[in-house]
Amino acid sequence: MYTIGSDNIKWIYRYLADSNSMCITAASGYGEEVTIPNTLPYNGQDVDVTHIEGYVFNNTNVTSVTLPTTLISIGNGAFGYCRALTSIEIPASVTTIGVDAFHSCTSLGAVIFEANTALQIIGNGAFMSCALTSIEIPASVTSIGNYSFHLCKNLATVAFEENSALLSIGEWAFNDCDALVSIEIPASVKTLGGDVLSWCDRLTTVLFEDNSAIESIGNYAFYGSRALNNIDLSNVEVIGEGAFLECNFTSIDLSSATSVGWQAFTANEGEEPLITINNTTPATIASGAFPESAMFLVPGSATTTYKTADVWSDYASRIFGRDVAVQTIEVTAQEDGSGVLEAIGNENQTNIVDLTVKGTINGYDFVMFKDKMLNLRFLDLSEAKIV
């Protein structure tokens, strides 16, 4: 059925008997600015417009669209390739934004969600290749689909409304967002999809809200985001293959990890990440999960268990018990030798990774630091006096 409005736009639509509402299936006769009606006539009554079917306005020259306040869903590709569309306000009634709904709206710089929105689903590719500079995801959203903001090159700010219900962020969701510097993942999120934030050239910081429910990070999730140097993985159980490939961390906390995939932390040549682990039971790791230069701090009671475990044995010479590897010592400078050596003992020269020194030290001790303590990574002399 169809009707021609007062603005001479021809609306083609069908009646949805199960919900007593209307779905717009096509339109013609509109210009650059479009206002979609809240109601359309059916059997002598005005019936709410709740759905826009897929591709209704796809690849057209619209510059602005006013959506009906009765709308529940925006169909797949409904406004895709509307390259002149500059902004859109999503009514509070909308629960679903369909697959590719605004895909390649290359002038779309602003998406505004009306207050108290009911939105739950942002579909795959919904805002892919748009000109967005910022986005605030409503608290009601439970799922961000695959490729949803992929190739949004100008997207510098991604925020999540407080008390977010978000459970998952799909594969490639924010891949190739070159302007993005930091992101804080809501506590409710359990999974991050593969390549979710890969190749984000400026991304330096990923935070998880307090009491995070994060459980798994997908394959190649942050691959190629080479500026990334700050992320707390202490609550993550499953880390997929290549998840942090080419990310150059200096330290990583994998206290909750139960599985780490192939090349998950393979970094640029020469990087020596220090990896802290609290579990006494070694996680299942794939061969090559870590760079050969990685160093591991494990519970002292589990040192042998780690050194002999499957695959972990490849890193045996780089695994250190934290009770020995991390020490604070009190030193008195010696006239004919190293006071540091006296404090730590000969057997621990190559077992200490992190050392804090208090007291007095001299040249013998600096020779010790430089030539004998070959695995020393962190040295704190702020409370030591050189004599």
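Now for a look at the structure at hand.

1. Observations regarding the packing of aromatic side chains
And step 1. For the structure on display, the rule yields 22 aromatic pairs.
And step 2. Relative to Tyr 315, the ring of Phe 290 has its centre 6.0 Å away and its plane inclined at 80°; by these criteria the two rings are edge-to-face. Residue Phe 290 is located in the loop between strand 26 (284–285) and strand 27 (295–298), and its partner Tyr 315 is located in the loop between helix 1 (303–308) and strand 28 (319–321); the two are separated by 25 residues in the primary sequence.
And step 3. The exposure class of Phe 290 is buried, given its relative accessible area of 3%.
And step 4. For Tyr 315, a relative accessible area of 6% corresponds to the buried category.
And step 5. Connected via pairs of aromatic rings, a cluster forms that spans Phe 222, Phe 244, Phe 249, Phe 265, Phe 290, Phe 296, Tyr 306, Trp 312 and Tyr 315.
And step 6. Positioned above the aromatic ring of Tyr 2, the side-chain terminus of Lys 10 is 4.4 Å from the ring centre.

2. Examining the environment of Ala 118
And step 1. Turning to its location among the elements, Ala 118 is positioned in the loop between strand 11 (110–113) and strand 12 (121–122).
And step 2. With a relative accessible area of 32%, Ala 118 lands in the partly exposed category.
And step 3. Counting along the chain gives 71 residues from Ala 118 to Val 47, while the straight-line C-alpha distance between them is 21 Å.
And step 4. Those residues in contact with Ala 118, other than ones at most four positions away along the chain, are Ala 92, Ser 93, Val 94, Thr 95 and Ser 140.

3. Quick look at the pattern of salt bridges
And step 1. All told, the structure shown has five salt bridges when counted by the stated rule.
And step 2. With its nearest N and O atoms 2.2 Å apart, the salt bridge here joins Arg 14 to Glu 53. Of this pair, Arg 14 sits in strand 2 (residues 10–16) while Glu 53 sits in the loop between strand 6 (45–52) and strand 7 (64–66), placing them 39 residues apart in sequence.
And step 3. Two residues, Asp 176 and Lys 153, come together in a salt bridge whose shortest N-O distance is 3.6 Å. Placement of the pair is Asp 176 in the loop between strand 16 (168–169) and strand 17 (182–185) and Lys 153 in the loop between strand 14 (143–144) and strand 15 (157–160), with a sequence separation of 23 residues.
And step 4. Take Lys 153: its relative accessible area is 37%, and that puts it in the partly exposed class.
And step 5. Ionic contacts of the salt-bridge type, sharing partners, join the residues Lys 153, Asp 176 and Asp 178 into one network.

4. Notes on unusual backbone geometry
And step 1. Within the chain, Asn 211 stands out as a residue other than glycine whose phi angle is a positive 60°.
And step 2. Here Asn 211 lies in the loop between strand 19 (205–208) and strand 20 (216–217).
And step 3. Given a relative accessible area of 76%, Asn 211 falls into the exposed group.
And step 4. Its identity is not glycine, yet Glu 246 carries a phi of approximately 75°, on the positive side.
And step 5. Using a relative accessible area of 18% as the deciding quantity, one classes Glu 246 as buried.

5. Concerning a negative patch on the surface
And step 1. Taken together, the side chains of Glu 136, Glu 161, Glu 162, Glu 184, Glu 209 and Asp 210 present a region of like negative charge at the surface.
And step 2. Inspection of the secondary structure puts Glu 136 in strand 13 (residues 134–137).

6. Focus on the nonpolar core
And step 1. Counting 99 residues, the largest nonpolar core has Phe 102, Phe 222, Phe 244 and Phe 290 as the members making the most contacts within it.
And step 2. In this structure, Phe 290 is in contact with Leu 254, Val 260, Phe 265, Ile 275, Ile 285, Phe 296, Trp 312 and Tyr 315, ignoring residues within four places of it in sequence.
And step 3. Counting 13 residues, the second largest nonpolar core, distinct from the first, contains Ile 329, Ile 352, Val 357 and Met 373.

Criteria and thresholds
Residues numbered from 1 in each chain as written. Predicted model: local features only at pLDDT ≥ 70, side-chain atom pairs only at ≥ 80, totals over all residues. Heavy atoms only, no water. Phe/Tyr/Trp six-rings, centres within 6.5 Å; stacked < 30°, edge-to-face > 60°. Helix = DSSP H or I, 4+ residues; strand = E, 2+ residues; numbered from the N terminus. Buried < 20%, exposed > 50% of the residue type's maximum accessible area, 1.4 Å probe, protein only. Lys NZ or Arg CZ within 6 Å of the ring centre and 35° of its normal. Contact = heavy atoms within 4.5 Å. Salt bridge = Lys/Arg side-chain N within 4 Å of Asp/Glu carboxyl O. Patch = residues over 30% accessible without salt bridge, like charges linked within 9 Å, V, L, I, M, F, W, Y side chains within 5 Å. Areas by Shrake-Rupley, 256 points an atom, 1.4 Å probe, with all protein chains shown as cover. Lys, Arg positive; Asp, Glu negative; His and termini not counted. Charge placed at Lys NZ, Arg CZ, Asp CG, Glu CD. Core = buried A, V, L, I, M, F, W, Y, C linked by side-chain atoms within 4.5 Å.

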